[in-house]
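# Close look at the chain arrangement
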Amino acid sequence: MSSSPASEPREPKPALIFDDPLDQQSSDDTDRGWGDRPAGDSAADLKRFLDEKPPHHI
């Protein structure tokens, strides 16, 4: 009678991926990644402009 532990399923080891990372699109490649907002009305654009205007442009 052997007292070997029951074999439990192991998680697979992470595979090495040799793809070119420059082929994948990053969030900076999109307008959303640069902080651009979806098109809105002109009142919202004016408010954003006034909110983000540097102090020396007053």
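The preceding data block contains the structure.
Cut-offs used in this document
- Residues numbered from 1 in each chain as written.
- Predicted model: local features only at pLDDT ≥ 70, side-chain atom pairs only at ≥ 80, totals over all residues.
- Heavy atoms only, no water.
- Helix = DSSP H or I, 4+ residues; strand = E, 2+ residues; numbered from the N terminus.
- Buried < 20%, exposed > 50% of the residue type's maximum accessible area, 1.4 Å probe, protein only.
- Areas by Shrake-Rupley, 256 points an atom, 1.4 Å probe, with all protein chains shown as cover.
- Salt bridge = Lys/Arg side-chain N within 4 Å of Asp/Glu carboxyl O.
- Patch = residues over 30% accessible without salt bridge, like charges linked within 9 Å, V, L, I, M, F, W, Y side chains within 5 Å.

Let's shift gears to the overall build of the protein. Regarding its fold elements, the protein presents 1 helix and 0 strands. Looking at the 58 residues of the protein, the share that counts as buried comes to 0%. Put simply, the protein shows about 6,400 Å² of open surface, and 55% of that area lies on carbon and sulfur atoms.

Between side chains of opposite charge, pairing is possible as soon as their charged atoms come close. The full count for this structure, using the stated rule, is 2 salt bridges. Here Asp51 makes a salt bridge to Lys47, at a shortest N to O gap of 2.9 Å. Linking Asp51 with Lys47, this pair stays in helix α1 (residues 42-52), spanning 4 residues, or about one helical turn.

Side chains of Leu46, Phe49 and Leu50 sit close together on the surface and give an oily, nonpolar patch of about 320 Å² of accessible area. Tracing the backbone through its elements, the reader meets Phe49 in helix α1.

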